[in-house]
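Close look at the chain arrangement
Each chain, letter by letter, is given below.
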Amino acid sequence: MSTQRRERRIAIVGAGPGGLTLARVLHVHGIPSTVYELDASATARDQGGTLDLDEESGQRALLHAGLLEEFRPLSRPEGGELRLLGKDAEVGFHIPPPRDGDGNDRPEIDRRVLKELLLGSLPEGTVRWGQKVRAVALGAAGRPELTLADGTAVAADVVVGADGAWSRVRPLLSGADPVYTGVSFVDGLLNDVDTRHPAVAELVGRGSMFALADEKGLFAQRNGGGRIRVYTAVKAPEEWSRSCLVDPADPGGPADPADPADPAAIRKRLLDLFPDWDEGLRALIADSDGPLVPRPIHALPIGHRWNRVPGVTLLGDAAHLMSPFAGAGANLAMLDGAELALALAAHDDLETALNAYETAMFPRAEEAARQSADHLVDFFQPDALRIMRDSFTALTAGGADR
């Protein structure tokens, strides 16, 4: 390794799966980096649900990170089970959990567990917690410079925006902003389901369950630790997603006077949207533990690209934010991180490395974003159950119970 390469200052903004994968693969190749993360610690907030890591993206990234064998015992192959239901709770399509000895190219892992795996593989001090990046600009020497919330300026040779949908790095490269897709989720959680909610546990199974009808859906995922995460999904104005009080069928109508911070009020509003759905499905909302969190779904334009700016690039949602309906977000972010690290390790010239990374990343992200946008439309069609049953049937080519 050359002295020039060893002295590079690489700043990664954001300690999500993509940013941490980048830091880890750089470390494997003897290249130090610093990750700036606004969270005060790794446990400062809920890390979200479960991820199915694809063999050709997320798992490939872990292979380059030297962590694939450590990942396997932490993953849940049984999470590959899939149930597709109508609003009467009748199963319209079923992929059973893999039997012992069967392969599963997309095993599940909780986001929290994945993050712990990646963090544990990095040298102490790599992640600077509680360091919010306020802005990124090109300094007088034409090199990127971070400005932290406390006013500290940090010069770098490479700045990578791995800071998600509302990236502070992206404006230096692109004027594109995420656009609301017209769909909102409300995120809920049921704890200790096998003991406290056995009927819900049986309905959802060991993996994921999609219930579709009336241009809305209830999506449930088994997480580790006996939890099920539930996403109530509706087509609604963005204002509804912020308050959960405006009826999506009548967005101009009067709002429910209940306090939007009151979980019981939000729960009632959501249940009112599913009046004739099976009570077992409604229990996914009615029995939820803790707060219900609105999550409006945004996306960047399909095919989002930018012109080269010296020493600056993006990965993951900062580069190609899309809806979750392709199951590609975290997988792509991790692959982005691994491939960017490999490019930086392979090329002494930074611009050659960044150009090589972006040349491969742009078309890959565009394809996934288009698939995600198409699937979002399909999931909220009046006959979504039939559409998705046909789609899953084609994908499995007869390899599942129907």
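Residues numbered from 1 in each chain as written. Predicted model: local features only at pLDDT ≥ 70, side-chain atom pairs only at ≥ 80, totals over all residues. Heavy atoms only, no water.

**A short note on the nonpolar core**
Counting residues in each nonpolar core, the largest one holds 63 residues, and the members touching the most others are Leu62, Leu146 and Leu344. Membership of the second largest hydrophobic core comes to 30 residues, among which are Val186, Ala201, Ala220 and Ile266. (Core = buried A, V, L, I, M, F, W, Y, C linked by side-chain atoms within 4.5 Å. Buried < 20%, exposed > 50% of the residue type's maximum accessible area, 1.4 Å probe, protein only.)

**So, the sheet that holds strand β12 (residues 179–190)**
What the seven strands build is an open sheet, ordered β5-β4-β13-β14-β15-β12-β16; its pairing is mixed. Lying at the two open borders of the sheet, with one neighbouring strand each, are β5 (91–95) and β16 (289–299). Across the sheet, the mean angle separating the axes of adjacent strands is 15 degrees when strand polarity is ignored. Sheet topology places β12 next to β16; seven bridges connect them, and they run antiparallel. Of the residues in β16, the one forming a bridge with Val179 is Ala299. In the packing of helix α10 (residues 279–286) onto the sheet, the strands contacted are β4 (82–85), β12, β13 (208–213), β14 (216–223) and β15 (227–235), and the crossing angle to β14 comes to about 70 degrees. (Pairing = 2+ DSSP bridges. Helix = DSSP H or I, 4+ residues; strand = E, 2+ residues; numbered from the N terminus. Axes fitted to C-alpha atoms, helices over the stretch in contact; angles between N-to-C directions. Contact = heavy atoms within 4.5 Å.)

**A short note on the pattern of salt bridges**
Across all of its chains, the model carries 29 salt bridges by this definition. Between Asp187 and Arg229 there is a salt bridge whose closest N-O contact spans 3.5 Å. Here Asp187, found in strand β12, pairs with Arg229, found in strand β15; they are 42 residues apart in sequence, far enough to count as distant. When its relative accessible area of 6% is taken as the criterion, Asp187 is described as buried. Under the relative-accessibility criterion, Arg229 is labelled buried at 2%. Each of the salt bridges in this network shares a partner with another, and the network as a whole consists of Glu56, Arg60, Asp336, Glu339 and Arg364. (Salt bridge = Lys/Arg side-chain N within 4 Å of Asp/Glu carboxyl O.)

**Here's the deal with the packing of helix α2 (residues 17–28) against helix α12 (residues 329–346)**
Close contact between α2 and α12 brings their axes to 7 Å; oriented N to C, the two are set at 30 degrees. As the angle between them shows, α2 and α12 are arranged roughly parallel. Where α2 crosses over α12, the handedness of that crossing is right-handed. Residues Pro17, Gly18, Thr21, Leu22, Val25 and Leu26 of α2 touch α12, and the partners they reach there are Ala333, Met334, Gly337, Ala338, Leu340, Ala341, Leu342 and Leu344. (Parallel < 35°, antiparallel > 145°, perpendicular 65-115°, else oblique. Left-handed = near helix turned anticlockwise from the far one by under 90°.)

Read these as geometric descriptors, not functional statements.
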